[in-house]
Every structure is written in structure tokens, then in C-alpha cells.
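The primary structure of each chain is shown beneath.
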Amino acid sequence: MPNDRNNRTGRAFGGVRELIAEALAERTPGGVRFGELDRDGRALRWIETGPGEGVPTVPIVLIAGCGDSSLTWAPLLPELSALGRVMAYDRAGLGASAPDRTPVLTLDAQVEDLAALVRHLDAGPAVLVGHSWGGQLAQLLARQRPELVAGLVLVDPAHEEFRPRAIAVAEAALLRFSLLRAALAPAAPERGDALARAAAAAVAHPYQRRAVLAEHRLTRLAVPVLRRRRAAAPLPEVPVTVLSATEGLPRAPRARFTAVQARIAAGAGQGVHTVVPGAGHYVHADRPLVVAAAVREVSDPARNARNAGH
């Protein structure tokens, strides 16, 4: 029986990976490649585009928001593929990555997976592009392992000091409704485009839905730790760009959210804060060219320094 269960799980991972790759490949010039890293018997997986290994470039690692898979970067990948080697990875249990076997998801586990991925690339420090919760993880790695980070682009990043209760309650209700609907729906619609099929497959299995719920729970429980770590260490002296949305929240909460995001940039030695008019929380979907330009501006200094050293 355990072997049957492992075989079914393996087929599930493979099917999700192929659907995600298909969806992203049809939108990305030059196509995409699979990547996989063994994390003590657990597969951490990603989709990669741009030049392959051996080409001198600064890697760009895309870190999705809470509960999101690498599919969230579909609008941005085509714009980044010419900049260098770009990876969009799935955290444990999300998208195509295998779930963590530990009973409780921790902040350290997520940061350690990100650090392991950057080290595995063996291409020097990376530019981290983090959306929402992914922006928190990018900052944590930069504070704890600055030698792995060449720059940060934080896309409407989450912040431990901004979580209005009314919004949190509504978000939790919407999340549970969405997961329930996904559980009752077919894993991969017979009709529809590749992105729709991949999006359905990314939440079709119980382990994926458990991972989404666990991550949302972690964002609440980790607030005291995030406060301590932000106070304990500054961001390293690398380019940092923070992009703030303007839509999707009432005016007063949006203003508070933008203010705490501006403080992230102000606390960085090379920080820039940009408000993106007309963009909702998923700035990379609404204004991908703006995000791509920010990534280019952050990547260029590291790329120039690396080229000068060769």
C-alpha cells in the first residue's frame, strides 16, 4: 500500500510539473526548462528560462506570494527571459514541489529552501524578485545570508505591521471557499487553455491545499519573529526597489500599506520606492513592463560587476 501511494504521489507531481511547464512555455520566448533540487528526499522544483548553466549572468529568482505557485509569474516571464537566467520556483507542497514531511510549516524551512536553491545555482548571488509574502522571504534571506543576494525587487511586499483584521477575515473566508471549489472541481479541465489546466492542477491534490492553508497560517503566526528579525539586521548594501500597488484596497488601508512599504525602501542603503498607478496587488500581472524595468535596473549593476571581473 505505501508503494502504491508513493507511485500515485509521484504521478501527481509529474503531471503538475508538465502542465505548469506547458502553460509557461507557450508564453515565454525560447521556452522553459525543468529544475529540481533534492531537499533530504523532498523535491523542490522550478521552471527556468534564459541562458543555461555556464553562461556568465546574474540569476534572477522569482518568489511567489502566499499560497501561489510559479504560475503567478506567467505575465512577467516573457519580459525577463532576455535579462538572464530566470527561475520561478514552487515552495514545498505548492505547484509541482513535493510537500514538507514535517508536521508544522516554519519560517526557517521556507528561508532555508530559498537559500539552498540560490546555492544550488552555483552562479554567485542572485537578484530576488518577491511578490507579497515572497517579498518577506526575500528580505529575510537578504538579512540572514547577504552573500547570496545581489539585489531585491519587492512587488507590493507583505509587511508584518499591516494586516487589518477585516481584510484578514475576508481573505481567510475567500481562501477556504476557493480551495473547497478546487477540491470539488476536476483536476484538469478538458477544455480551456494550458494556463487554466495548470492552475486547476496546482490546487487539485490534498497535499497542495494543505500547503496553501499552512502557509496562510504561517503568515499570521510569524509576525513576532518577523519583527525581531527586521530589527536585528539591516538589509545589505545592494540595490532594493519596492513597488507599491494603488488598487484593490479602500483608500485608507492602501495608504497605510504603501507607507510601511516605503519604510522598507527608506531603510535600505540603495532603496527606491515606486508607486505603480492602476496596478492591483498582483503588480506583475497588471503592469509587467514596470516590474521588468525594475528588475533590469536592479540586475544591471551586479551584471556589470560580474562581467568586469571575467
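All of these numbers come straight from a predicted model, not from anything done at the bench.

A. Representation of the pattern of salt bridges. Following the criterion strictly, the structure yields 15 salt bridges and no others. The salt bridge involving Glu160 is made with Arg230; its shortest N-O contact spans 2.6 Å. Of this pair, Glu160 sits in the loop between β6 (149–155) and α5 (165–184) while Arg230 sits in helix α8 (residues 223–232), placing them 70 residues apart in sequence.

B. Broad picture of the sheet that holds strand β3 (residues 60–63). Here we have eight strands laid out as an open sheet, ordered β1-β2-β4-β3-β5-β6-β7-β8, and mixed in their pairing. Every interior strand has two partners, whereas the edge strands, β1 (33–39) and β8 (270–275), have only one. For this sheet, the mean inter-axis angle between neighbouring strands, taken without regard to orientation, is 20 degrees. The sheet contact formed by β6 and strand β7 (residues 239–244) spans four bridges and is parallel. Bridged to Val153 within β7 is Thr241.

C. Region of the structure containing the nonpolar core. Grouped together as the largest cluster of nonpolar side chains are 42 residues, with contacts concentrated most on Leu62 and Val129. If near-sequence neighbours (up to four positions away) are discounted, Leu62 is found in contact with Trp73, Leu77, Leu80, Val86, Met87, Ala88, Tyr89 and Val129. In this structure, Leu114, Leu140, Leu152 and Leu218 belong to the second largest nonpolar core, which totals 38 residues.

D. Layout of the packing of aromatic side chains. Enumeration over the complete set of coordinates arrives at one aromatic pair. When the centroid spacing of 4.4 Å and the interplanar angle of 5 degrees are considered together, the rings of Phe162 and Phe257 count as stacked. Residue Phe162 is located in the loop between β6 and α5, and its partner Phe257 is located in helix α9 (residues 251–266); the two are separated by 95 residues in the primary sequence. On the accessibility criterion, Phe162 (12% relative accessible area) is buried. The side chain of Arg17 reaches across the aromatic face of Phe34, ending 4.4 Å from its centre.

E. Quick peek at the environment of Val86. Secondary-structure assignment places Val86 in strand β4 (residues 86–89). In this structure Val86 comes out as buried when scored by relative accessible area, which is 0%. Considered as a pair, Val86 and Ile60 are 26 residues apart in the sequence and their alpha carbons are 4.7 Å apart. If sequence neighbours within four positions are ignored, Val86 has contacts with Ile47, Glu48, Thr49, Ile60, Leu62, Leu77 and Leu80.

F. Fine view of the environment of Ser97. When you line up the elements, Ser97 lands in the loop between β4 and α3 (107–121). For the pair Ser97 and Arg17, spaced 80 residues apart in sequence, the C-alpha separation works out to 8.3 Å. Side-chain polar atoms of Ser97 contact the backbone oxygen of Asp90, separated by 2.6 Å.

G. Structural view of the pairing of β3. Side-chain alternation along β3 places Ile60 and Leu62 on one buried face and Val61 and Ile63 on a second face that is also buried. Looking at chain direction, β3 and β4 are connected through three bridges and run parallel. Bridging across to β4, Ile60 finds its partner in Val86. Here β3 pairs with strand β5 (residues 126–131) via four bridges, running parallel. The residue of β5 that forms the bridge with Leu62 is Val129.

H. How the structure looks around unusual backbone geometry. Although it is not a glycine, Asp122 adopts a positive phi angle of roughly 55 degrees. Residue position: Asp122 is located in the loop between α3 and β5.

I. Just the environment of Leu289, in detail. Mapped onto the secondary structure, Leu289 falls in helix α11 (residues 288–309). Separated by 210 residues in the primary sequence, Leu289 and Glu79 have C-alpha atoms spaced 6.9 Å apart.

J. Seen up close, the confidence of the model for the protein. Per-residue confidence for the protein gives a mean pLDDT of 86; residues scoring 70 or more make up 83%. Taking the mean pLDDT of every element in the protein, the minimum, 50, falls on α5 and the maximum, 98, on β3. Long-range and interchain partners of residues 1–12, a stretch whose pLDDT sits below 50, account for two contacts in this model, where long-range means more than four residues apart. Segment residues 183–191 is flagged for pLDDT under 50; beyond a separation of four residues in sequence, or across chains, it makes ten contacts in the model.

K. Spatial organisation of α3. Between its first and last C-alpha atoms α3 spans 22 Å; for 15 residues at 1.5 Å apiece the expected length is 21 Å, and the two agree. Where burial is concerned, most of α3 is hidden: eleven out of the 15 residues are buried. Those residues of α3 lying buried are Leu107, Ala109, Gln110, Val111, Asp113, Leu114, Ala115, Ala116, Leu117, Val118 and Leu121. Where α3 ends, the next residue or the one after it, Asp122, has phi of about 55 degrees, a positive value.

L. Focus on helix α4 (residues 133–144). Taking 1.5 Å per residue as the helical rise, α4 with its twelve residues ought to reach 16 Å, and the 17 Å between its terminal C-alpha atoms agrees with that figure. Counting buried residues in α4 gives eleven out of twelve residues, a clear majority hidden from the surface. Along α4, the residues that are buried comprise Trp133, Gly134, Gly135, Gln136, Leu137, Ala138, Gln139, Leu140, Leu141, Ala142 and Arg143.

What counts and what doesn't
Residues numbered from 1 in each chain as written. Predicted model: local features only at pLDDT ≥ 70, side-chain atom pairs only at ≥ 80, totals over all residues. Heavy atoms only, no water. Salt bridge = Lys/Arg side-chain N within 4 Å of Asp/Glu carboxyl O. Helix = DSSP H or I, 4+ residues; strand = E, 2+ residues; numbered from the N terminus. Pairing = 2+ DSSP bridges. Axes fitted to C-alpha atoms, helices over the stretch in contact; angles between N-to-C directions. Core = buried A, V, L, I, M, F, W, Y, C linked by side-chain atoms within 4.5 Å. Buried < 20%, exposed > 50% of the residue type's maximum accessible area, 1.4 Å probe, protein only. Contact = heavy atoms within 4.5 Å. Phe/Tyr/Trp six-rings, centres within 6.5 Å; stacked < 30°, edge-to-face > 60°. Lys NZ or Arg CZ within 6 Å of the ring centre and 35° of its normal. Polar contact = N/O pair within 3.5 Å; in protein donor to acceptor, adjacent residues only side chain to side chain. pLDDT = per-residue confidence, 0-100. Expected span 1.5 Å × (residues − 1).

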